[in-house]
Amino acid sequence: MGNLKDLSKIYKIKMLNLDLKGCLYLNQWSHQQQIANFFKVISRLGNGVFWYVMLFIVWVMNGVMFSLQIIYLLLSCSMGTAIYKILKVKTTRPRPYQVHQVIRLGEHPLDHFSFPSGHTLHAVMVTMVLGFIQPILLILMLPFTILVALSRMILGLHYPSDVIVGALIGATMACGIILFAPLLQIKL
């Protein structure tokens, strides 16, 4: 039993070191002002503006009868927000710039804790759901989602594991939205 516990500690230390190395590597890009400014804009658009525009485009493309689906999606986004806020409060993982002095903060955070990335969670979830409804929009949403995920690490706000877990939660929620919508007689 002791060996298993030791292996677990070693694995955890190696994962934390890998997480930090990834964060340091990506954060160094923010030292170039043009790159930092670009990712600040991406991050701010990822706060909701970009997604509301995409939602509006889907609504226009699918007509007014799509209003129930939009309400369903907004409720699902609220559930995503609740999940990540609960996880943030339960895990209380500090943001990289708070722990490591070498990490440059490129944008002020919307909340205090790091794990998981709510921006990435919502970006993946909305991209998958709206992409399911209107696949042509994936041309815009997929690159933007990747940029949002990168922005969180480049700006020193998240570790790679925060972003990966946020993406996994977002993808899981999107699959649930897509799978359960027909049961609620909502056609996506």
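Below: a short report on this structure. (Residues numbered from 1 in each chain as written. Predicted model: local features only at pLDDT ≥ 70, side-chain atom pairs only at ≥ 80, totals over all residues. Heavy atoms only, no water.)

This part takes up the overall build of the protein. Summing up its helical and strand segments, the protein has seven helices and zero strands in all. When the elements of the protein are put in sequence order from the N terminus, they spell out α-α-α-α-α-α-α. The buried share of the protein, reckoned over its 188 residues, is 42%. Taking all contacts inside the protein whose residues are at least 6 apart in sequence as the whole, residues at least 24 apart take part in 80%. For the protein, the accessible area works out to roughly 10,700 Å², and carbon and sulfur atoms hold 71% of it. Of the side chains in the protein, 15 bear a positive and 5 a negative charge, and the two mean positions are spaced by 2 Å. (Helix = DSSP H or I, 4+ residues; strand = E, 2+ residues; numbered from the N terminus. Buried < 20%, exposed > 50% of the residue type's maximum accessible area, 1.4 Å probe, protein only. Contact = heavy atoms within 4.5 Å. Areas by Shrake-Rupley, 256 points an atom, 1.4 Å probe, with all protein chains shown as cover. Lys, Arg positive; Asp, Glu negative; His and termini not counted. Charge placed at Lys NZ, Arg CZ, Asp CG, Glu CD.)

Now for the packing of aromatic side chains. In this structure the tally under the stated criterion is six aromatic pairs. Where Trp51 meets Phe144, the ring centres are 5.4 Å apart and the plane angle is 70°; that geometry is what we call edge-to-face. Here Trp51 is found in helix α2 (residues 33-62), whereas its partner Phe144 is found in helix α6 (residues 138-154), with 93 residues between them in sequence. Taken together, the ring pairs in this structure connect Phe50, Trp51 and Phe144 into an aromatic cluster. (Phe/Tyr/Trp six-rings, centres within 6.5 Å; stacked < 30°, edge-to-face > 60°.)

The next point concerns the nonpolar core. Counting residues in hydrophobic clusters, the biggest one holds 29 residues, and the most contacted among them are Trp51, Met54, Val129, Leu130 and Met141. Sorting the residues of this core by element identifies α2, α3 (67-91), α5 (118-133), α6 and α7 (160-180) as the ones contributing at least two each. Per element, the largest residue contribution to this core is seven residues, and it comes from α5. Membership of the second largest hydrophobic core comes to eight residues, among which are Met153, Leu155, Leu157 and Val163. (Core = buried A, V, L, I, M, F, W, Y, C linked by side-chain atoms within 4.5 Å.)

Position of His119 relative to the elements: it lies in helix α5. For His119, a relative accessible area of 10% corresponds to the buried category. Looking at His119, its side chain comes within polar contact range of the main-chain oxygen of Ser43, at 3.5 Å. Other than its neighbours up to four places away in sequence, His119 contacts Ser43, Gly46, Asn47, Leu110, Val148 and Arg152. (Polar contact = N/O pair within 3.5 Å; in protein donor to acceptor, adjacent residues only side chain to side chain.)

Our next topic: the packing of α5 against α6. The interhelical angle for the contact between α5 and α6, taken along N-to-C directions, is 170°, at an axis separation of 9 Å. By the angle class used here, α5 and α6 are roughly antiparallel. On α6, the residues touching His119, Thr120, Ala123, Val124, Thr127, Leu130 and Gly131 of α5 are Leu138, Met141, Leu142, Thr145, Val148, Ala149 and Arg152. When grouped by side-chain class, the residues that make up the contact of α5 with α6 number eight nonpolar, five polar and one charged. (Axes fitted to C-alpha atoms, helices over the stretch in contact; angles between N-to-C directions. Parallel < 35°, antiparallel > 145°, perpendicular 65-115°, else oblique. Nonpolar A, V, L, I, M, F, W, Y, C, P; charged D, E, K, R; others polar.)

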